[in-house]
Every structure is written in structure tokens, then in C-alpha cells.
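Results of the structural survey
Residue-level listing of the chains:
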Amino acid sequence: MSVHFENSQPILRVKNMAESLHFYVDLLGFRNAPWGNSEFTSVNRDRAGIYLCQGAQGAPGTWVWIGVSDAAQLHAQYQAKGVQIVLPPTNYPWALEFQVEDPDGHRLRFGSEPLEEDSLHSD
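In this report, the structure presented in the accompanying data block is examined. Quantities reported herein were computed from a predicted structural model and do not represent experimental measurements. (Residues numbered from 1 in each chain as written. Predicted model: local features only at pLDDT ≥ 70, side-chain atom pairs only at ≥ 80, totals over all residues. Heavy atoms only, no water.)

What follows covers the overall build of the chain. Within the chain, the secondary structure is distributed over three helices and eight strands. Listed by position from the N terminus, the elements making up the chain come as β-α-β-β-β-β-α-β-β-β-α. For the chain, the spread of C-alpha atoms along the three principal axes comes to 55 × 50 × 25 Å. Residues classed as buried in the chain amount to 33% of the 123 residues present. A fraction of 50% describes how many contacts in the chain between residues 6 or more apart in sequence connect residues 24 or more apart. By element, 50% of the accessible surface of the chain is carried by carbon and sulfur atoms, the whole surface being about 7,900 Å². (Helix = DSSP H or I, 4+ residues; strand = E, 2+ residues; numbered from the N terminus. Buried < 20%, exposed > 50% of the residue type's maximum accessible area, 1.4 Å probe, protein only. Contact = heavy atoms within 4.5 Å. Areas by Shrake-Rupley, 256 points an atom, 1.4 Å probe, with all protein chains shown as cover.)

This is how it looks when you write it as C-alpha cells:
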């Protein structure tokens, strides 16, 4: 009998929960868990979830991959909200990806299916 994996959610260490919640909820569009408190919570958007832990569990500078249906559209939404983009949408063999950094230096990599080579050229 094989074991089914349900999902995976990183736990990120944060210095200031209120500042982190502003970033994840107000700017990135995640929802804060109703059971969350000033020391530990979970922020979620659709099937993506990230735990935030104030002052413990982990180290600054963690990198997190978040697959999305349309990275270009999400990038435009985040730009309109003033989110600082660390890496603009870049087409790689594995994904069309862009990156942002949270207040604690954690790097969030958002990506969707890579663009086809033909769509990269405007002949």
C-alpha cells in the first residue's frame, strides 16, 4: 500500500506578524486563517498555503515556488498594487516565472506554463 501525500506548505519565520500579514493578505491576496494569532498563522490562496511563525521556525531568505494558472496576469495585478518585483516575468524551460520578496527576505517564485518559443518573437 502506498502513502498518498496531501500537500506541502512551507513555514516561514517572520519578524513582525502584522507587517507580514499586510504583505500577504493586502498586497498578494492571500486569506489569513481564522485561527491565526500574533505568533503563528496560515495564509492561503486557493490551494496554496504558507505558514507564518513570528520569531521561530526557520530562517530568513527561504525560497518558495507557487504554481499559478497565469503568471503574466498575476504579475500585472501585483505591479498595479505596488508590489516590488525582484525578477520580472522570465520564460524558462520549466515556467514563465516572476519573483517577489516579502518583508523578511523570503523569495516567492510565481510561475505558470512556459510560453512557446514562437510567442516570444514579435516578427
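Turning our attention to the pairing of strand 5 (residues 63-67). Side-chain direction in a regular strand flips from residue to residue, so the side chains alternate between the two faces of the sheet. Along strand 5, the buried face is formed by V64 and I66; none of W63, W65 and G67, which line the opposite face, is buried. Relative to strand 8 (residues 107-112), strand 5 runs parallel, the two sharing five bridges. Residue pairing for strand 8: I66 is matched across the bridge by F110. (Pairing = 2+ DSSP bridges.)

What follows covers the sheet that holds strand 5. The sheet built from four strands is open, its strands ordered 5-8-7-6 with mixed pairing. Two strands close off the open sheet at either side, each with one partner strand: strand 5 and strand 6 (85-91). Strand-to-strand twist of the sheet, defined as the mean angle between neighbouring strand axes without regard to direction, takes the value 15 degrees. Contacts from helix 2 (residues 71-80) reach strand 6, strand 7 (96-101) and strand 8 within the one sheet, and its direction differs from that of strand 7 by about 30 degrees. (Axes fitted to C-alpha atoms, helices over the stretch in contact; angles between N-to-C directions.)

Below, the discussion takes up the nonpolar core. Ranked by size, the top nonpolar core spans 23 residues in total, and within it F23, Y24, L28, I50, L52, L108 and F110 carry the most contacts. Among the elements of the structure, strand 1 (11-14), helix 1 (17-27), strand 4 (48-54), strand 5, helix 2, strand 7 and strand 8 are those that each provide at least two residues to this core. Apart from residues lying up to four places away in sequence, I50 is in contact with Q9, P10, L12, Y24, F30, T41, S42, V43, I66 and L108. (Core = buried A, V, L, I, M, F, W, Y, C linked by side-chain atoms within 4.5 Å.)

This part covers the side chain of S20. As for its placement among the helices and strands, S20 is situated in helix 1. The residues touching S20, leaving out its near neighbours within four places in the chain, are V14, L52 and D104.

This paragraph deals with the layout of surface pockets. Considered as a void within the structure, the largest pocket measures approximately 520 Å³ in volume. What lines the largest pocket is a set of 23 residues, among which R45, A48, I66, G67 and V68 lie closest to the centre. Breaking the lining of the largest pocket down by element, the ones donating at least two residues are strand 4, strand 5 and helix 2. A per-class count over the lining of the largest pocket returns eleven nonpolar, eight polar and four charged. (1 Å grid on protein atoms, 1.4 Å probe; cavity = no way out; pocket = protein on both sides within 12 Å on 5 of 7 lines; lining within 4 Å. Points joined across faces, edges and corners; volume = space filled by probe spheres on them. Nonpolar A, V, L, I, M, F, W, Y, C, P; charged D, E, K, R; others polar.)

What follows is about the pattern of salt bridges. Considering all chains together, one arrives at two salt bridges under this definition. A salt bridge links R109 to E97, with the nearest nitrogen and oxygen atoms 2.7 Å apart. Of this pair, R109 sits in strand 8 while E97 sits in strand 7, and the two are twelve residues apart along the sequence. A relative accessible area of 23% means that R109 is categorised as partly exposed. The class of E97 is buried, set by a relative accessible area of 1%. The salt bridge involving R107 is made with E101; its shortest N-O contact spans 3.5 Å. (Salt bridge = Lys/Arg side-chain N within 4 Å of Asp/Glu carboxyl O.)

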